[in-house]
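As a plain string of letters, each chain reads:
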Amino acid sequence: MAQDRCDIIIPIYGNLPYVKDCLESIARHTGYPYRLILINNSSSGEVSGYLRRFEESKCADTVLIEP
């Protein structure tokens, strides 16, 4: 059975500018249907807040895993 999407798993720890660049790059350059699985590895409040807002925006199929 063929899959209709792929999962992109990204472990995240800090560095908000890098996280933003990474997610924007995926959105710009990935044509195949995908789901983002973001694993927040105890990042600061700034990064955590951004990831929560990103997940809630529904601009992509996103699952956020936090401790």
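Computed from a predicted model, the values in this text were never measured in an experiment.

Within the protein chain, the secondary structure is distributed over two helices and three strands. Listing each helix as α and each strand as β along the protein chain from the N terminus yields β-α-β-α-β. By residue count, 33% of the 67 residues in the protein chain fall in the buried class. Taking as baseline every contact in the protein chain between residues at least 6 positions apart, the subset at least 24 positions apart corresponds to 73%. Summed over its atoms, the accessible surface of the protein chain is roughly 4600 Å², and 53% of this surface lies on carbon and sulfur atoms.

Before going further, it helps to spend a moment on the pattern of salt bridges. Evaluated as defined, the whole model comprises three salt bridges. Residue Arg 5 pairs with Asp 61 through a salt bridge whose shortest N-O separation is 2.7 Å. One end of the pair, Arg 5, is in the segment before strand 1 (6–12); the other, Asp 61, is in strand 3 (residues 61–65), and 56 residues separate them in sequence. By relative accessible area, Arg 5 is classed as partly exposed at 30%. Its salt-bridge partner being Arg 52, residue Glu 66 comes within 3.1 Å of it at the nearest N-O pair. Here the residue Glu 66 occupies a position in the segment after strand 3, and Arg 52 occupies one in helix 2 (residues 45–57), the gap between them amounting to 14 residues.

Judged by nonpolar contacts, the single largest core of 15 residues is most densely connected at Ile 10, Ile 12, Leu 23, Leu 36, Leu 38, Tyr 50 and Leu 51. Counting residues per element, the ones that place at least two in this core are strand 1, helix 1 (16–29), strand 2 (34–40) and helix 2. Residue contacts for Ile 10: discarding those within four places in its chain leaves Cys 22, Leu 23, Ile 26, Leu 36, Ile 37, Leu 38 and Ile 39.

A few words now on the packing of helix 1 against helix 2. Between helix 1 and helix 2, the shortest axis-to-axis distance is 10 Å and the interhelical angle comes to 20 degrees. As the angle between them shows, helix 1 and helix 2 are arranged roughly parallel. Between helix 1 and helix 2 the crossing geometry is right-handed. Contacts between helix 1 and helix 2 involve Leu 16, Val 19, Lys 20 and Leu 23 from the first element and Glu 46, Val 47, Tyr 50, Leu 51 and Phe 54 from the second. A per-class count over the contact of helix 1 with helix 2 returns seven nonpolar, no polar and two charged.

The rules behind each value
Residues numbered from 1 in each chain as written. Predicted model: local features only at pLDDT ≥ 70, side-chain atom pairs only at ≥ 80, totals over all residues. Heavy atoms only, no water. Helix = DSSP H or I, 4+ residues; strand = E, 2+ residues; numbered from the N terminus. Buried < 20%, exposed > 50% of the residue type's maximum accessible area, 1.4 Å probe, protein only. Contact = heavy atoms within 4.5 Å. Areas by Shrake-Rupley, 256 points an atom, 1.4 Å probe, with all protein chains shown as cover. Salt bridge = Lys/Arg side-chain N within 4 Å of Asp/Glu carboxyl O. Core = buried A, V, L, I, M, F, W, Y, C linked by side-chain atoms within 4.5 Å. Axes fitted to C-alpha atoms, helices over the stretch in contact; angles between N-to-C directions. Parallel < 35°, antiparallel > 145°, perpendicular 65-115°, else oblique. Left-handed = near helix turned anticlockwise from the far one by under 90°. Nonpolar A, V, L, I, M, F, W, Y, C, P; charged D, E, K, R; others polar.

Function cannot be inferred from these measures alone, as they are strictly geometric.
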